[in-house]
Amino acid sequence: MTSKVGTHLGDDGGASGTTPESGTTPEEGYERGLGSRQVQMIAIGGAIGVGLFLGAGANIAKAGPSLILMYALAGVIVFFIMRALGELLLYRPVSGSFSEYAREFLGPFFGFVTGWTYWLMWVVTGMAELTAAAIYVHFWFPEIPQWITALVFLVVLFVANLISVKIFGEIEFWFSMVKVTALIGMIVIGLGVVTFGFSQAGDAAAVSNIWAHDGIFPNGIGSSLMTLQGVMFAYLAVELVGVTAGESKNPEKTLPKAINTLPWRIIVFYVGALSVILMVVKWTEFQPGVSPFVAAFAKIGIPAGAAIINFVVLTAALSSCNSGMYSTGRMLRDLAANSEAPKALGKLSSTKTPAVAVTLSAALMGIGVILNYVVPEKAFGYVTSVATAAGIWTWMMILISHILYRRGVVAGRLPASSFPAPGGTVCSWIAVAFLLLVTGLIAIDPDSRVSLYVGAGWAVCLAIGWAVLKSRNPHIAARTKPQDRQLESTGQRRG
């Protein structure tokens, strides 16, 4: 293990790097307000968001019951990615996570690109969550325009993120608790309907609904594959489980447990929930823009059931957006600490929150409000495709960094991790090929292709930004050793 040269994070999310020469732990100013109970529930609930609750509706309409297989297939790939990340985090737990490994194994430029792209992913994901929340409110108040609702939620969450981290952690704990409890409750009720035949669904609910209506692939395998980009969007933020565990004071125990339980969460919350819903309601009855969970409970006929589920999924969307706003603020501050973003973004407010960074992120999330005003019917599809493209880049950097790390271990240049990924680099290569396939599918889909145009523009902006950054501070482009960056960062904090 070489964790002594890494930057460990405390429960507050702030770095507390241990320097090689002194062993001191300089503070970064964050309040240590997130307890283990809160962090664990946030990690579990972070992967349950709008992609599952809302996006699954449009994907069911496209692919039918085969969507279950697409979620299972993508879940296997996500597990490969998480095991690759887990091996890296146990090799060297650092606050920069993905971007820091990209810096080490691919060079400073890739670290810069990965850090900013992951920030972009969360900003765009926030737009998707705001869009979803506005759609959910439309269920109760169809006369209110989507953009107004999205704007109100944006302002409320922005203010909430300027409050102390203790309040944020407690709110997120209960948000996540609602999501997890609701999903388990929906599965239990759905199985009861299928098994005992009670409710208005009656005999229409049956396991055979999964294959009885034109088969498992009613629209062909091609249509099923086209849903993969939406499916991968549903898994975005699952890597935060690894980040949270990597920030723990005892990553050797918390990280393997968090990652190894990932398959069970995928089976229960994604594959299990969708399977039960498609047993209760024929896939032909689902429509884009309508949550399949809301539609299922409306079919069952539970009094106020659809309204209750609508509230749950609204909570899920707001929770994910809130977490995204929290994360983007901290990411910008981390970039500023590495001299890869303006220094002003690294400032903390009197409540020990990165207020300037949060404000910038929230302002850019406001673009989602504009999309809801201009193209409300396509807003969700646009932002999910852009977020998926950014997420694919991040996952790709994790996988390539893992492959290069393993080469270093085999060559004897680097120490072996205590949490090696099964199959070595084979699974990482399989995951890389799968992500390239999804990228190709995004290019084929006319509605999703816009994300590649946005990505090309983003790449140009980053290239220009890096050129300017390197001209002002040539030393940044020369940093390659983790020890050098740790010592430099420590020196800056002490100064």
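Not measured: the values here are computed from a predicted model.

Draft legend 1. Summary view of the confidence of the model for the chain. When pLDDT is averaged along the chain, the result is 77, and 79% of the positions lie at 70 or above. Across the chain, the secondary-structure element scoring lowest on mean pLDDT is helix α21 (residues 482-494), at 45, and the one scoring highest is helix α18 (residues 426-444), at 93. Confidence over residues 1-28 falls short of pLDDT 50; this stretch has 87 contacts with residues more than four positions distant or in other chains. Per-residue pLDDT stays below 50 along residues 485-495; that stretch engages in 28 contacts with residues further than four places along the chain or on separate chains.

Draft legend 2. Broad picture of the nonpolar core. Core analysis: the largest hydrophobic core is formed by 133 residues, its most contacted members being Phe53, Tyr71, Trp116, Leu183, Tyr235, Phe293 and Leu435. Excluding anything up to four places from it in sequence, Trp116 contacts Leu332, Leu335, Glu340, Ala341, Trp458 and Leu462.

Draft legend 3. Region of interest: the packing of aromatic side chains. With the rule as written, the count across this model stands at 13 aromatic pairs. Relative to Trp466, the ring of Phe109 lies with its centre 5.8 Å away and its plane at 70°, an arrangement referred to as edge-to-face. Of this pair, Phe109 sits in helix α6 (residues 108-140) while Trp466 sits in helix α19 (residues 450-472); the two residues are 357 residues apart in sequence, bridging distant segments of the chain. Residue class for Trp466 comes out buried when judged on its relative accessible area of 9%. Between Phe110 and Trp393, the aromatic rings sit 6.5 Å apart at their centres with planes inclined by 10°, giving stacked as the arrangement. You can see Phe110 sitting in helix α6 and its partner Trp393 sitting in helix α17 (residues 379-410), a full 283 residues away along the chain.

Draft legend 4. Examining the side chain of Thr114 more closely. Residue placement: Thr114 occurs in helix α6. Within the structure, Thr114 has its side chain in polar contact with the backbone oxygen of Phe110 (distance 2.7 Å). Setting aside its immediate chain neighbours within four residues, Thr114 contacts Phe98, Ser99, Ala102, Trp393 and Met397.

Draft legend 5. Spotlight on the pattern of salt bridges. One pass over the structure, following the stated rule, counts 5 salt bridges. Arg103 serves as the salt-bridge partner of Glu100, at 3.1 Å between the closest nitrogen and oxygen. Note that Glu100 and Arg103 are positioned in helix α5 (residues 98-106) at a spacing of 3 residues, about one turn of the helix. In this pair, the class of Glu100 matches that of Arg103, namely buried. A cluster of three or more residues bridged by salt bridges with shared partners is formed by Arg92, Glu100, Arg103, Glu104 and Glu340.

Basis of the calculations
Residues numbered from 1 in each chain as written. Predicted model: local features only at pLDDT ≥ 70, side-chain atom pairs only at ≥ 80, totals over all residues. Heavy atoms only, no water. pLDDT = per-residue confidence, 0-100. Helix = DSSP H or I, 4+ residues; strand = E, 2+ residues; numbered from the N terminus. Contact = heavy atoms within 4.5 Å. Core = buried A, V, L, I, M, F, W, Y, C linked by side-chain atoms within 4.5 Å. Buried < 20%, exposed > 50% of the residue type's maximum accessible area, 1.4 Å probe, protein only. Phe/Tyr/Trp six-rings, centres within 6.5 Å; stacked < 30°, edge-to-face > 60°. Polar contact = N/O pair within 3.5 Å; in protein donor to acceptor, adjacent residues only side chain to side chain. Salt bridge = Lys/Arg side-chain N within 4 Å of Asp/Glu carboxyl O.

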